Amino acid sequence: MSEFDVTPKSNRPVTMRPKIILIAVIVIAVIILISSSFYVVDQTEEAVVLLFGKFNRVSSPGLHFKIPWIEKNYNVPTQIVQNMSFGFRTEQAGINTVYSRGDYPEESIMLTGDLNIVDVEWIIQYRIVDPKAWLFHVENRTKTIRDISQSIVNLLVGDRGILDVIGQERINIEIQGQDMMNELFTEYGLGITVT
């Protein structure tokens, strides 16, 4: 027998020490814990933070700490003006915007005060001012915004003659519509304002 063991290394059984496995598991757990403890809020957003599923606080833009698995954050775009179109849809936004006239008569065909039919297409632009209200006060936000906007424009068009709607009263319809929408959105607690 020789002094040296000539058994090839590939045939030796590999043994993992329990101490190494435990250290690896702890390192992985610490990395996961640290990575889930921070969240970033963009300049155009505010974050609503929930503690055990209940509202806790609103965070401003920046890097923030949260308790992992106990707190959850939802980023809400509060500085972005969003829009919603009625009677048509935007297919491609840009320098040369492409609109789809599609089939949306249920949104835009209205009866005026002098019993004429008019096709009114409009866009509302709004901004979220209360992220907590936006997330929790109304279940179907998009449908609520659409329904309120349609009912107000229908009311304003229905109170005027066709010549007023397509002529001199257009600006008044716009101003009154914005005021009435903001009043109802506040009453419903949507957390938005029409700009």
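For the structure, check the block above.
Attention here is on the structure that accompanies the text. (Residues numbered from 1 in each chain as written. Predicted model: local features only at pLDDT ≥ 70, side-chain atom pairs only at ≥ 80, totals over all residues. Heavy atoms only, no water.)

Attention shifts here to the overall build of the protein chain. For the protein chain, the count of helices and strands is 6 helices and 12 strands. Relative to the 2.2 N^0.38 estimate, which gives 16 Å for 195 residues, the radius of gyration of the protein chain is 29 Å and therefore markedly larger than a compact globule would have. With the C-alpha coordinates of the protein chain rotated into their principal frame, the extents come out at 115 × 35 × 25 Å. Every one of the 195 residues in the protein chain was classed for burial, and the buried ones make up 31%. A separation threshold of at least 6 residues defines the contact pool for the protein chain, and within that pool the share at least 24 residues apart is 62%. Put simply, the protein chain shows about 13,300 Å² of open surface, and 57% of that area lies on carbon and sulfur atoms. Each charge sign in the protein chain was given a centre, from 17 positive and 23 negative side chains, and these centres are 17 Å apart. (Helix = DSSP H or I, 4+ residues; strand = E, 2+ residues; numbered from the N terminus. Rg over C-alpha atoms; globule rule 2.2 N^0.38 Å. Buried < 20%, exposed > 50% of the residue type's maximum accessible area, 1.4 Å probe, protein only. Contact = heavy atoms within 4.5 Å. Areas by Shrake-Rupley, 256 points an atom, 1.4 Å probe, with all protein chains shown as cover. Lys, Arg positive; Asp, Glu negative; His and termini not counted. Charge placed at Lys NZ, Arg CZ, Asp CG, Glu CD.)

Moving on, we get to the packing of aromatic side chains. A complete count under the given rule lists 3 aromatic pairs for this structure. A ring pair is formed by Phe 86 and Trp 122, whose centres lie 4.5 Å apart and whose planes are at 5 degrees; its orientation type is stacked. Of this pair, Phe 86 sits in strand 6 (residues 82–86) while Trp 122 sits in strand 11 (residues 122–128), placing them 36 residues apart in sequence. On the basis of relative accessible area, Phe 86 is assigned to the buried category, the value being 0%. Judged by centre distance (6.2 Å) and plane angle (35 degrees), the rings of Tyr 126 and Trp 134 are tilted. Positioned over the ring face of Phe 55 is Lys 132, at 4.5 Å from the centre of the ring. Positioned above the aromatic ring of Trp 134, the side-chain terminus of Arg 141 is 4.8 Å from the ring centre. (Phe/Tyr/Trp six-rings, centres within 6.5 Å; stacked < 30°, edge-to-face > 60°. Lys NZ or Arg CZ within 6 Å of the ring centre and 35° of its normal.)

With that out of the way, let us pick up the sheet that holds strand 3 (residues 54–59). The sheet built from 3 strands is open, its strands ordered 3-2-5 with antiparallel pairing. Only two strands of the sheet have a single partner each, and these edge strands are strand 3 and strand 5 (71–76). Direction aside, the axes of adjacent strands within the sheet are offset by 25 degrees on average. Relative to strand 3, strand 2 (residues 46–51) runs antiparallel, the two sharing 5 bridges. The partner of Ala 47 across the bridge, within strand 3, is Ser 59. (Pairing = 2+ DSSP bridges. Axes fitted to C-alpha atoms, helices over the stretch in contact; angles between N-to-C directions.)

The end-to-end C-alpha separation of helix 4 (residues 141–158) is 26 Å, in line with the 26 Å expected for 18 residues at 1.5 Å each. Three or more residues of helix 4 are buried, namely Thr 144, Ile 145, Arg 146, Ile 148, Ser 149, Gln 150, Ile 152, Val 153, Leu 156 and Val 157. (Expected span 1.5 Å × (residues − 1).)

Within the largest apolar cluster, 27 residues are counted, with the highest numbers of intra-cluster contacts made by Val 120, Ile 124, Trp 134, Ile 145, Phe 185, Leu 190 and Ile 192. Where this core is concerned, the elements lending two or more residues are strand 2, strand 6, strand 11, helix 4, helix 6 (170–188) and strand 12 (192–194). For this core, the element with the highest residue contribution is helix 4, accounting for 6 residues. Excluding anything up to four places from it in sequence, Ile 124 contacts Gln 82, Asn 83, Met 84, Phe 86, Ile 145, Ser 149 and Met 181. (Core = buried A, V, L, I, M, F, W, Y, C linked by side-chain atoms within 4.5 Å.)

Here Glu 107 is to be found in helix 2 (residues 105–108). Looking at Glu 107, its side chain comes within polar contact range of the main-chain nitrogen of Gly 87, at 2.8 Å. Polar side-chain contacts of Glu 107 include one of 2.8 Å to the side chain of Arg 146. Discounting residues that sit within four places of it in the chain, Glu 107 has contacts with Ser 85, Phe 86, Gly 87, Arg 89, Trp 122, Arg 146 and Gln 150. (Polar contact = N/O pair within 3.5 Å; in protein donor to acceptor, adjacent residues only side chain to side chain.)

Another aspect to go through is a nonpolar patch on the surface. On the surface, a nonpolar cluster with roughly 1,100 Å² of combined accessible area is contributed by Leu 22, Ile 26, Val 30, Ile 34, Phe 38, Val 40, Phe 52, Leu 63, Phe 65, Ile 67 and Ile 70. Elements with a contribution of two residues or more to the nonpolar patch: helix 1 (18–35), strand 1 (38–41) and strand 4 (62–65). In terms of residue count, helix 1 provides more of the nonpolar patch than any other element does, 4 residues in total. In this structure, Ile 26 sits in helix 1. (Patch = residues over 30% accessible without salt bridge, like charges linked within 9 Å, V, L, I, M, F, W, Y side chains within 5 Å. Salt bridge = Lys/Arg side-chain N within 4 Å of Asp/Glu carboxyl O.)

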